[in-house]
Amino acid sequence: RRPYEHGIATYDWQCYLAFTDRAFNKTIDWQPAKTDLWHGFTRHHFEVDGCECWVAVPKHPRPGNHWVWCTEWPEAFTERTGTQRLLEEGFYHIHMKVGTMSLGGPPALAHMDAFYRHFVAKGLNSKGTLTGVSRGGLYAYRFAAAHPDRVVCIYGDAPVCDFKSWPLGATPGRRDENGVKNLLELYGFKTEAEALAYKGNPIDNLEPLAKAGIPLIHVIGDADQTVPPESNSAILEQRYKALGGSITVFHKPDCGHHPHGLEDPAPLVDLIKTYTTQWDTENCK
């Protein structure tokens, strides 16, 4: 039974193919260098564009082979970020190691583009969920702004939305000298003044996401001093709403930067499932 109008669309073919894959016991050949078990799920490790990548495979993939791409810290707080529940719901969990201090710079975005093309060619959906944990917010938001057609929704968890806050520490936040060094080098800034004048931070580049109708989900600790909400998520929320965008923010009173996620991540999982189903419906129509 399909809750849509008469006809056959992409969604229907995804369901037919998912059924046929199960009937013939066919799975995606990731050509892994190694395979292990991760939280009870098979995980394949391989390399794309010179970077280590891995894909955790759900036991019963959701029709359409939807995915959640955690851009940084993919193995942290998995119970609180809903990772395991989403795998149980049929979402692939994917990750590419572009370096914890690549800060969503141009080289990182080029690697991420190569990874996206690789896993879509293998059979994953052309759209999915981006998860930006902490500094991973720079990766997720900058990739989404460059490719809004590839994103169903974005889940930011205490995300860095402006590198002036972290690692520069020029606005409320925390300065990280190693991060500043990498920032200047990877973005091609000659001075910190150039970095401060830059208009490509997530808080500055929300219009492509709003035009594409991408819903946002944020989880923040109100007492976070490393990535303070007032110079990151709060500004992003205000600006996104002004553009007509949809954003849901879960506040954790008296919580700092850690722990990430929610004690009960069911609301996060439900939202991601809802937005994915909405995309399926629109795709079918």
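Look up a bit, the structure's there.
Rules used throughout
Residues numbered from 1 in each chain as written. Predicted model: local features only at pLDDT ≥ 70, side-chain atom pairs only at ≥ 80, totals over all residues. Heavy atoms only, no water. Helix = DSSP H or I, 4+ residues; strand = E, 2+ residues; numbered from the N terminus. Rg over C-alpha atoms; globule rule 2.2 N^0.38 Å. Buried < 20%, exposed > 50% of the residue type's maximum accessible area, 1.4 Å probe, protein only. Contact = heavy atoms within 4.5 Å. Lys, Arg positive; Asp, Glu negative; His and termini not counted. Charge placed at Lys NZ, Arg CZ, Asp CG, Glu CD. Pairing = 2+ DSSP bridges. Right-handed = clockwise from strand over helix to strand, strands pointing away. Disulfide = S-S within 2.5 Å. Polar contact = N/O pair within 3.5 Å; in protein donor to acceptor, adjacent residues only side chain to side chain. Axes fitted to C-alpha atoms, helices over the stretch in contact; angles between N-to-C directions.

Student: What am I meant to see in the overall build of the protein chain here?
Tutor: Assigned secondary structure in the protein chain consists of 9 helices and 9 strands. By the compact-globule yardstick of 19 Å for 285 residues, the protein chain fits well, its C-alpha radius of gyration being 19 Å. Principal-axis analysis of the C-alpha atoms places the extent of the protein chain at approximately 60 × 40 × 30 Å. Taken over 285 residues, the protein chain has a buried fraction of 55%. Within the protein chain, residue pairs in contact and separated by at least 24 positions form 74% of the contacts whose partners lie at least 6 positions apart. For the protein chain, the distance from the average position of its 29 positive side-chain charges to the average position of its 34 negative side-chain charges is 3 Å.

Student: How do you make sense of the pairing of strand β4 (residues 67-70) when you look at a structure like this?
Tutor: Here is the key point about a regular strand: its side chains alternate between the two faces of the sheet. Going residue by residue along β4, you find Trp-67 and Trp-69 tucked away on one face and Val-68 and Cys-70 tucked away on the opposite face as well. Here 3 bridges tie β4 to strand β5 (residues 92-96), and the two strands are oriented parallel to one another. Across the sheet, Trp-69 pairs through a bridge with Ile-94, a residue of β5. Traced from β4 through helix α2 (residues 83-88) to β5, the parallel crossover comes out right-handed.

Student: What's the story with the state of the cysteines in this structure? I'm lost.
Tutor: Think of a disulfide as a covalent bridge from one cysteine sulfur atom to another cysteine sulfur atom. Under the criterion given, the structure shown has 0 disulfides. You can see Cys-53 has no disulfide; the closest cysteine sulfur is in Cys-51, sitting 6.4 Å from it. Cysteine Cys-161 shares no disulfide, and the gap to the nearest cysteine sulfur, in Cys-70, comes to 15 Å. Look at Cys-161 and you get buried, because its relative accessible area is 0%.

Student: Explain the side chain of Ser-165 here, please?
Tutor: With respect to the element layout, Ser-165 can be found in the loop between β7 (151-157) and α5 (177-187). Residue Ser-165 is classed as buried on the basis of its relative accessible area, which comes to 0%. Here Pro-172 takes part through its backbone oxygen, which lies 2.7 Å from a polar atom of the side chain of Ser-165. Ignoring sequence-local partners within four residues, the contact set of Ser-165 consists of Thr-171, Pro-172, Gly-173, Arg-174, Pro-228, Ser-231 and Asn-232.

Student: Would you explain the sheet that holds β4 in this entry?
Tutor: Hydrogen bonding along the main chain pairs the strands of a sheet, whether they run parallel or antiparallel. As summarised here, the arrangement of the 9 strands in space is β1-β2-β3-β5-β4-β6-β7-β8-β9, forming an open sheet in which the pairing is mixed. Sheet topology places β1 (34-38) and β9 (247-252) at the edges, where each strand pairs with a single neighbour. Sheet twist, expressed as the average angle between the axes of neighbouring strands with direction ignored, equals 20 degrees. Summarising the sheet, β1 and strand β2 (residues 41-48) pair through 5 bridges and their orientation is antiparallel. Residue pairing in the sheet places Asp-36 in a bridge with Arg-43 of β2. Sitting on the sheet, helix α4 (residues 136-146) is in contact with β4, β6 (128-133), β7 and β8 (216-221), with an inclination near 145 degrees to β6.

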